[in-house]
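Fold and contact review
Here are the chains, one letter per residue:
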Amino acid sequence: MGIAMADKNIQKTSSDSDRPIIEIIGMHKWYGDFHVLADINLRVQEKERIVICGPSGSGKSTLIRCINRLEEHQRGQIIVDGIELTSDIKNIEKVRAEVGMVFQHFNLFPHLTIIENLTLGPVWVRKMPKKEAEEAAMMYLEKVRIAEQAKKYPGQLSGGQQQRVAIARSLCMNPRVMLFDEPTSALDPEMIKEVLDVMIDLAREGMTMLVVSHEMGFAKSVADRVMFMDDGQILEENNPNDFFDNPQHERTKLFLSQIL
Amino acid sequence: MTQQASTTTREHLKPPVTHVGVLGWIRKNLFNSWFNSLLTVLVLYGLLVTIPPLFKWAFVDSLWYSSPQACREIDGACWSIIPKNARFIFFGFYPEDQQWRPLTAMILLFALVFYTQNRRSWNRALFPIWTFGLVVMGWLMHGGLGLPVVETAKWSGLPLTLTLSLFGMVGAYPLGVLLALGRRSKLPVIHSMSVIYIELIRGVPLISLLFMSSIMFPLFLPEGVTIDKVLRAQVAIILFTAAYIAEVVRGGLQAIPKGQYEAADSLGLNYPQAMRLIVLPQALKIVIPPSVGILISAFKDTSLVVIIALYDVLKTTKVTLSNPLWMGFSSEAYLALALLYFIFCYAMSRYSRKLEKALHTGH
């Protein structure tokens, strides 16, 4: 399915299209003696949208944080867009520029205005001229429906607005993949929808997305695959319909019964 | 409904007159208990006893520009010691016919500082402007290119104090920031070298560093090589102040949430970029108050250079007092000197508060 979609992408050569954009092979990670991720295998095709859920402490955030090496893994391979993540800092920076990340607590830069938050990456990492970066930034701000706040500081915005800015900040880097680490968990209930709407728009436009979230409505409407993690392992994965209607694993059933 | 009812029936009452305005303030702050009332009365009595005579001494019976003989006739303060000896106090052993040079250099320095304090002038032009200004100041002080050369050994008084302080601060701050980053480095060599440096320097008094720079250090130099004494003192002051700055800045770095580092990393910024654009601007803003505290104490500590026979403004004042003509007017001289130091320190302190407010984006 991912391959069929990738064919439409004219920028891609045919050899690129069979290659997964993210490939994780036999990956393990420990915190000290604690085995936080055990034998993770995951292939993500371009334009795929994956939602990862699971109880807290199951390693789902750690997993996506390994993909841009905010955490380092100790065994196995992680290959992002053809680049294997090792301790080589140049490779890591290359991967990070291609992979956008949205955090639970937004992590906007409080000393910079919204527009400066957005142009920072393009100007310093992509070496884009400032004017061009600002034009692009305004376009993305409009896309997340917040252009009128461009000159404000993050502290003047609500949580939902800040998270939309954070999404726009990642988009400004023109990423091949977007990672979302519980993007709505720190938000007041009335602000969750505005952020999910932006994410749904993104999914419709064909962004490759890995989302750690408990928003099951979101998973049902946009995910290609839903994964359930527990104890550092991917216990179950399926398309959203089968995943929610017909969970296989006992622990998945228990988890779903608790959150639905 | 009920809300409306309560607002319509509510009278517009003013607070009692004893609780607002001047009367209210006096009551609340000075006479709110029998003990505080007693203290207030005692303090008022103390002020009454001390202030009028002090005022009489300083302003009524005082002389401002007279001969020392005239001063000895009166009971009041002899402020004349300052204007009459101003040239020596401010410029020390700098040749008298050349003293317009340090004066011009100082005026230029104040002009530059005044220009820089405005945040609107913080742009690309600032660095070349300062570089040019410092070259001109250096030329004025040292001479050459048409001006007679004045050795640094003759630099003294206020220009020496200001030189040591200015370069002390400007040199120590970046070094302190580097040390703070070094102490937080994951690379063991850089980390331990920073720790050793900071702890060693903080473990000794400035005086001992100055002694080492003036007495021990030359022993290690090959014969015939000498390094300027003022420069050695300057380096000692920079190295000393940097260690304190480093610890303050480290505190600021620790206050930056991990999420900021992660956000910077995940944009693909490299380490120098992340530090310069994201972490340091926030960390340094947090540590403005303690940094300025250190800079102020560094400014005052420059007076310790007397022990290696450099004549800063404190020492030139002391020398003036040892002149038999002016002996005995030390209260006046030291009060005036204290005022001079206070003006500089208070200006720094005020500016730091202004800067803090201007950089506040928290809302």
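Residues numbered from 1 in each chain as written. Chains lettered and ligands numbered in written order. Predicted model: local features only at pLDDT ≥ 70, side-chain atom pairs only at ≥ 80, totals over all residues. Heavy atoms only, no water.

1. Focus: the overall build of chain B
To keep things clear, this is the line we draw: What counts as a helix is a DSSP run of H or I of at least four residues, what counts as a strand is a run of E of at least two, and both are numbered from the N terminus. Both definitions apply: the radius of gyration is a C-alpha atom measure, and the globule rule equals 2.2 Å times residues to the power 0.38. The buried label goes to any residue with under 20% of its type's maximum accessible area, the exposed label to any with over 50%, and the partly exposed label to all in between, with areas taken from a 1.4 Å probe on protein chains only. Any two residues whose heavy atoms approach within 4.5 Å at even a single point are treated as in contact. Each accessible area is a Shrake-Rupley estimate made with a 1.4 Å probe; only the visible protein chains count as cover when residues are assessed. Residues scored as positive are Lys and Arg, those scored as negative are Asp and Glu, and His as well as the terminal groups of each chain are ignored. Note that the charge is assigned to NZ on lysines, CZ on arginines, CG on aspartates and CD on glutamates.
Scanning chain B for helices and strands turns up 17 helices and 0 strands. Over its C-alpha atoms chain B spans a radius of gyration of 27 Å, topping by over 25% the 21 Å that the globule rule assigns to 363 residues. Taking all 363 residues of chain B together, the buried fraction comes to 39%. Look at the contacts in chain B between residues 6 or more apart in sequence, and 67% of them connect residues 24 or more apart. By element, 70% of the accessible surface of chain B is carried by carbon and sulfur atoms, the whole surface being about 21400 Å². Taken together, the 30 basic and 17 acidic charged side chains of chain B have centroids lying 10 Å from each other.

2. Some details on the overall build of chain A
Broken down by element type, chain A carries 11 helices and 10 strands. In terms of its C-alpha atoms, chain A occupies a principal-axis envelope of roughly 50 × 45 × 40 Å. In chain A, once contacts between residues fewer than 6 apart in sequence are set aside, the share between residues at least 24 apart is 66%. Summing over all exposed atoms, chain A offers an accessible surface of approximately 11400 Å²; the carbon and sulfur share of this is 48%. Taking the average location of the 31 positive side-chain charges in chain A and that of its 38 negative ones, the two points are 4 Å from each other.

3. What to know about the pattern of salt bridges
Under the convention used in this document: When a carboxyl oxygen of Asp or Glu lies within 4 Å of a side-chain nitrogen of Lys or Arg, that pair is called a salt bridge.
Scanning the model with the defined rule gives 30 salt bridges over all chains in all. Note that E205 of chain A is salt-bridged to K143 of chain A, the shortest N-O span being 2.5 Å. Here E205 of chain A is found in the loop between α8 (189-204) and β8 (208-212), whereas its partner K143 of chain A is found in helix α6 (residues 130-143), with 62 residues between them in sequence. Salt bridges here are not isolated pairs; linked through shared partners, they connect K29, R65 and E71 of chain A together with K258 and E262 of chain B.

4. Topic: the sheet that holds strand β6 (residues 99-102) of chain A
Residues and elements named next belong to chain A. Applicable threshold: Note on pairing: two strands pair once DSSP finds at least 2 bridges between them. Axes, fitted as lines to C-alpha atoms, cover a helix only where it is in contact. Angles between the N-to-C directions of the axes lie from 0 to 180 degrees.
The strand order across the open sheet built from 6 strands is β6-β7-β8-β3-β9-β10, with neighbouring strands paired in mixed fashion. Among the strands making up the open sheet, the edge pair consists of β6 and β10 (233-238). Adjacent strand axes in the sheet meet at a mean angle of 20° when their direction is disregarded. On the sheet, helix α3 (residues 60-67) packs against β3 (49-53), β6, β7 (177-181), β8 and β9 (225-230) and is oriented at approximately 150° with respect to β7. Its contacts with the sheet put α8 on β3, β7 and β8, and the angle it makes with β8 is roughly 145°.

5. Focus: the interface of chain A and chain B
The following threshold applies: Once two parts are joined, some of their accessible surface, as seen by a 1.4 Å probe, is lost; buried area is that loss totalled over both. In the analysis that follows, any N or O atom pair within 3.5 Å is treated as a polar contact, provided that within protein one partner can donate a hydrogen and the other can accept it, and provided that, for residues neighboring in sequence, both atoms belong to side chains. Throughout, the ten residues Ala, Val, Leu, Ile, Met, Phe, Trp, Tyr, Cys and Pro are labelled nonpolar, Asp, Glu, Lys and Arg are labelled charged, and all others, Gly among them, are labelled polar.
Contacts between chain A and chain B engage 24 residues on the former and 22 residues on the latter. Across the interface of chain A and chain B, roughly 2000 Å² is buried in total on both sides, 61% from carbon and sulfur atoms. The tally of links from chain A across to chain B stands at 1 salt bridge. The residue R65 of chain A makes a salt bridge to E262 of chain B at a minimum N-O spacing of 2.6 Å. Summed over the shared surface of chain A and chain B, the result is 6 residue pairs in polar contact (both at pLDDT 80 or more). When the residues that make up the side of chain A that touches chain B are grouped by side-chain class, the tally is 13 nonpolar, 6 polar and 5 charged.

6. Notes on a nonpolar patch on the surface
Residue and element names in this part refer to chain B. Condition: Residues with no salt bridge and a relative accessible area higher than 30% make up the patches, which join like charges within 9 Å and nonpolar side chains (Val, Leu, Ile, Met, Phe, Trp, Tyr) within 5 Å.
Together, V43, L44, L47, I51, L54, F55, F59, V60, W64 and Y65 make up an exposed nonpolar region whose accessible area comes to about 1100 Å². Position of Y65 among the secondary structure elements: in the loop between α3 (34-60) and α4 (68-72). The exposed category is assigned to Y65, whose relative accessible area is 60%.

7. Description of the pairing of strand β1 (residues 22-31) of chain A
All names here are of chain A. Where β1 meets strand β2 (residues 34-44), 7 bridges bridge the pair, whose relative direction is antiparallel. Looking at the pairing, I22 lines up with V44 of β2. Taken together, β1 and the strand that follows it, β2, pair antiparallel across an intervening segment of 2 residues, in which G32 is found at a positive phi of about 60°. The sheet contact formed by β1 and strand β4 (residues 75-80) spans 5 bridges and is antiparallel. Pairing of H28 across the sheet is with R75, part of β4.

8. Some words on the nonpolar core
To keep it simple, the criterion reads: We define a nonpolar core as any set of buried Ala, Val, Leu, Ile, Met, Phe, Trp, Tyr and Cys residues linked to one another through side-chain atoms lying within 4.5 Å.
Core analysis: the biggest nonpolar cluster contains 89 residues, and I24, I52 and L210 of chain A together with L253 of chain B have the highest contact counts within it. It is helix α9 (residues 158-183) of chain B that provides the largest number of residues to this core, a total of 8 residues. For I24 of chain A, the residues in contact, after removing those within four places along its chain, are I40, N41, L42, L63, I67, Q77 and I78 of chain A.

9. Regarding unusual backbone geometry
Despite not being glycine, D81 of chain A has its phi angle at roughly 55°, a positive value. With respect to the helices and strands, the residue D81 of chain A is situated in the loop between β4 and β5 (83-84). Notably, L145 of chain B is not glycine yet its phi reads approximately 50°, a positive angle. Checked against the element boundaries, L145 of chain B lands in the loop between α8 (126-142) and α9.

10. A few points about the confidence of the model for chain B
Residues and elements named next belong to chain B. This is how the line gets drawn: As a per-residue measure, pLDDT tells how confident the predictor is, with possible values from 0 to 100.
Residues with a pLDDT of 70 or more make up 97% of chain B, whose mean pLDDT is 90. Of all the helices and strands in chain B, helix α1 (residues 2-9) carries the lowest mean pLDDT, 52, while helix α10 (residues 188-202) carries the highest, 96. The complex prediction reports pTM at 0.84, with the ipTM value standing at 0.89.

11. Side note on the side chain of R183 of chain B
All names here are of chain B. Turning to its location among the elements, R183 is positioned in helix α9. Using a relative accessible area of 15% as the deciding quantity, one classes R183 as buried. Residues in contact with R183, not counting those within four places in the same chain, are H191, S194, V195, I198, E199, E247 and R250.

12. Concerning the state of the cysteines
Residues and elements named next belong to chain B. Formally: Criterion for a disulfide: a pair of cysteine sulfur atoms at a distance within 2.5 Å.
As enumerated under the stated definition, the model contains 1 disulfide over all chains in all. The disulfide partner of C71 is C78, and the S-S distance across this bridge is 1.9 Å. Judged by the torsion about the S-S bond (75°), the C71/C78 disulfide is right-handed. Per residue, the accessibility class of C71 equals that of C78, and both read buried.

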